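# Report on the structure
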Amino acid sequence: QVQLVESGGGLVQAGSSLRLSCAASGGTFSNYAMGWFRQAPGKEREFVAGISRRGGIIYYGDSVKGRSTISRDNTRNTAYLQMNSLKSEDTGVYYCAAVSLTGAPPRIHREYGSWGQGTQVTVSS
């Protein structure tokens, strides 16, 4: 299975931007659909965005639609999540996830087989 490491989180002010990265190793990255999820304390893990193996199919969660962009660079084995106009409710631990499949990226976290350790994003208002 592919191993994933997230980076790019931090403490930022509301209205600012962040770019999260997810570096993959140990597998053929282009075989995997990628997803970003987040989890705030006391809440369920929430789908943020997903991208298919070649980047042709992209989905966003309603809470970030219009403010975020998911992308991937298969030559660098890395997926990205650009988040703009951050709000306090965007605070949480952000995880990237991978699943080996062809087609649309799942929106359900249980369908992903590999997970990173997470990176904390804190947005102060």
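Higher on the page you've got the structure.
The residue count restarts for each chain, going from 1 along the sequence in the order it is written. Where local features are concerned, this predicted model is filtered to residues with pLDDT of at least 70; where side-chain atom pairs are given and counted, the filter is 80 or more; whole-chain, interface and lining totals use all residues. For the side-chain quantities, the full set of heavy atoms in the structure was used; hydrogens and water were omitted.

## Looking at the side chain of Arg38
The following threshold applies: Each helix corresponds to a stretch of at least 4 residues labelled H or I by DSSP, and each strand to a stretch of at least 2 residues labelled E; elements are numbered beginning at the N terminus. Throughout this description, a polar contact denotes any pair of N or O atoms lying within 3.5 Å of each other; where both atoms belong to protein, one of them has to be capable of donating a hydrogen while the other can accept it, and for residues adjacent in sequence the pair is counted only when both atoms sit in side chains. When checking whether two residues touch, look at their non-hydrogen atoms; a contact exists if any pair is within 4.5 Å.
Residue position: Arg38 is located in strand 4 (residues 32-39). There is a polar contact of 2.9 Å between the side chain of Arg38 and the side chain of Tyr94. Discounting chain neighbours no more than four positions away, the residues touching Arg38 are Glu44, Arg45, Glu46, Val48, Ser63, Val64, Glu89, Asp90, Val93 and Tyr94.

## A look at the pattern of salt bridges
The condition that has to hold: The salt bridge criterion pairs a side-chain nitrogen of Lys or Arg with a carboxyl oxygen of Asp or Glu, the two atoms within 4 Å.
Applying the stated criterion across every chain, the model contains 5 salt bridges. Linked through salt bridges whose partners overlap, the residues forming this network are Arg38, Glu46, Arg67 and Asp90.

## A short note on unusual backbone geometry
With a phi angle near 55°, Asn77 is a residue other than glycine that sits in the positive phi range. With phi around 50°, Ser85 is a residue other than glycine that occupies positive phi space. Considering the arrangement of structural elements, one finds Ser85 in the loop between strand 8 (78-83) and strand 9 (92-100).

## Observations regarding the state of the cysteines
Inclusion rule: Criterion for a disulfide: a pair of cysteine sulfur atoms within 2.5 Å. Exposure is judged per residue with a 1.4 Å probe applied to protein chains only, and the accessible area is read against the type maximum: over 50% gives exposed, under 20% gives buried, and values in between give partly exposed.
On inspection of all chains with the given rule, the structure shows 1 disulfide. The disulfide that involves Cys22 links it to Cys96, with 2.0 Å between the sulfurs. Taking the sign of the torsion about the S-S bond as the criterion, the disulfide between Cys22 and Cys96, at about 60°, is right-handed. Here Cys96 lies in strand 9 and Cys22 lies in strand 3 (residues 18-25), a separation of 74 residues in the sequence. The pair Cys22 / Cys96 is uniform in exposure class, with both members buried.

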